[in-house]
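Residues per chain, in single letters:
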Amino acid sequence: ERRGEKLVDVEKNEIFTGKFWAAQKSKELGLIDGIDTLENIMEKKFGEDYKLFPIETDKRSLLEKKFGVVFSSLSGELVQTVVNTLHYFRLNNKVGL
């Protein structure tokens, strides 16, 4: 089923301009079919015999994963100072100063 026939006054509502709308307004404009939770939609589509598996992500930074240290509390200025210092030593070693 195509969406085009469901859209309400495309030009007047500036539907294809990059704007976005909250759920209720989207439904009024014909952009979505309805508003519901994932669990309700799955149950309507597949009955009660479905299973959702949550996907967990590791939200730690690369430094936290690598070294096990919480770097999130470090201010940007301190991190930049450390990076600049490492860069300085690298250049000195490369040039032989």
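Residues numbered from 1 in each chain as written. Predicted model: local features only at pLDDT ≥ 70, side-chain atom pairs only at ≥ 80, totals over all residues. Heavy atoms only, no water.

As for the overall build of the protein
When its secondary structure is counted, the protein shows four helices and zero strands. Start at the N end of the protein and walk to the C end: the helices and strands fall as α-α-α-α. Of all 97 residues assigned to the protein, the portion counted as buried reaches 9%. Element-wise, carbon and sulfur atoms account for 57% of the exposed surface of the protein, whose accessible area totals about 9,000 Å². (Helix = DSSP H or I, 4+ residues; strand = E, 2+ residues; numbered from the N terminus. Buried < 20%, exposed > 50% of the residue type's maximum accessible area, 1.4 Å probe, protein only. Areas by Shrake-Rupley, 256 points an atom, 1.4 Å probe, with all protein chains shown as cover.)

A look at the confidence of the model for the protein
Should pLDDT be low for a region, the predicted coordinates there are not to be read in detail. Per-residue confidence for the protein gives a mean pLDDT of 77; residues scoring 70 or more make up 79%. Mean pLDDT across the secondary structure elements of the protein bottoms out at helix α3 (residues 62–67), with 71, and peaks at helix α2 (residues 38–46), with 89. (pLDDT = per-residue confidence, 0-100.)

Brief notes about a nonpolar patch on the surface
Together, L78, V82 and L86 make up an exposed nonpolar region whose accessible area comes to about 270 Å². For V82, the location among the structural elements is in helix α4 (residues 76–95). (Patch = residues over 30% accessible without salt bridge, like charges linked within 9 Å, V, L, I, M, F, W, Y side chains within 5 Å. Salt bridge = Lys/Arg side-chain N within 4 Å of Asp/Glu carboxyl O.)

Examining the environment of E28
Position of E28 relative to the elements: it lies in helix α1 (residues 23–29). With relative accessibility at 47%, the residue E28 sits in the partly exposed group. For the pair formed by E28 and V8, sequence separation is 20 residues and the distance between their alpha carbons is 7.7 Å.

Concerning the side chain of S26
Its place among the elements puts S26 in helix α1. With a relative accessible area of 8%, S26 lands in the buried category. Not counting residues within four places of it along the chain, the set of residues in contact with S26 comprises W21, L31 and I32. (Contact = heavy atoms within 4.5 Å.)

Describing the pattern of salt bridges
Scanning all chains against the criterion turns up one salt bridge. For D36, the salt bridge is made with K44, and the minimal N-O distance between the two is 2.6 Å. With a relative accessible area of 65%, K44 lands in the exposed category.

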